[in-house]
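Descriptive analysis of the structure
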Amino acid sequence: VCRHRALPLDLGARSPMSDDGRFLLCHQHGALYRLDDGVCVVGPCAGERLSPVAVTEDDDGALELTARP
Ligand code: FES
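Quick caveat, the model's predicted, so the values are computed rather than measured.

Let us now look at the pattern of salt bridges. The full count for this structure, using the stated rule, is four salt bridges. Asp36 is the salt-bridge partner of Arg34, the closest N and O atoms lying 3.8 Å from each other. Classification of Arg34 by relative accessible area gives partly exposed; the value is 32%. A relative accessible area of 67% places Asp36 in the exposed class.

In structure tokens form, the structure reads like this:
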């Protein structure tokens, strides 16, 4: 969820990756987030950080994202 407004980065249907694969991209207003720490480096929420999630994969390959405290 973007730190600028509570919207999914992919707007529900697009890849959340920037074209060069170096950042997470919010398609609403173009915020770019670093992959390693989730800090927004370009956009209306520059300096803010994405909330971390834990990712687990079940035996069928389905991924589950869980908010971390
Ligand atoms: S909602 Fe993500 S940059 Fe504005």
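A cluster of nonpolar side chains, contributed by Val53, Val55, Leu63 and Leu65, occupies part of the molecular surface with about 400 Å² of accessible area. Mapped onto the nonpolar patch, the elements with two or more residues apiece are strand 4 (53–57) and strand 5 (63–67). Looking at where Val55 falls in the secondary structure, it is placed in strand 4.

Reading the values: rules and limits
- Residues numbered from 1 in each chain as written.
- Predicted model: local features only at pLDDT ≥ 70, side-chain atom pairs only at ≥ 80, totals over all residues.
- Heavy atoms only, no water.
- Salt bridge = Lys/Arg side-chain N within 4 Å of Asp/Glu carboxyl O.
- Buried < 20%, exposed > 50% of the residue type's maximum accessible area, 1.4 Å probe, protein only.
- Patch = residues over 30% accessible without salt bridge, like charges linked within 9 Å, V, L, I, M, F, W, Y side chains within 5 Å.
- Areas by Shrake-Rupley, 256 points an atom, 1.4 Å probe, with all protein chains shown as cover.
- Helix = DSSP H or I, 4+ residues; strand = E, 2+ residues; numbered from the N terminus.

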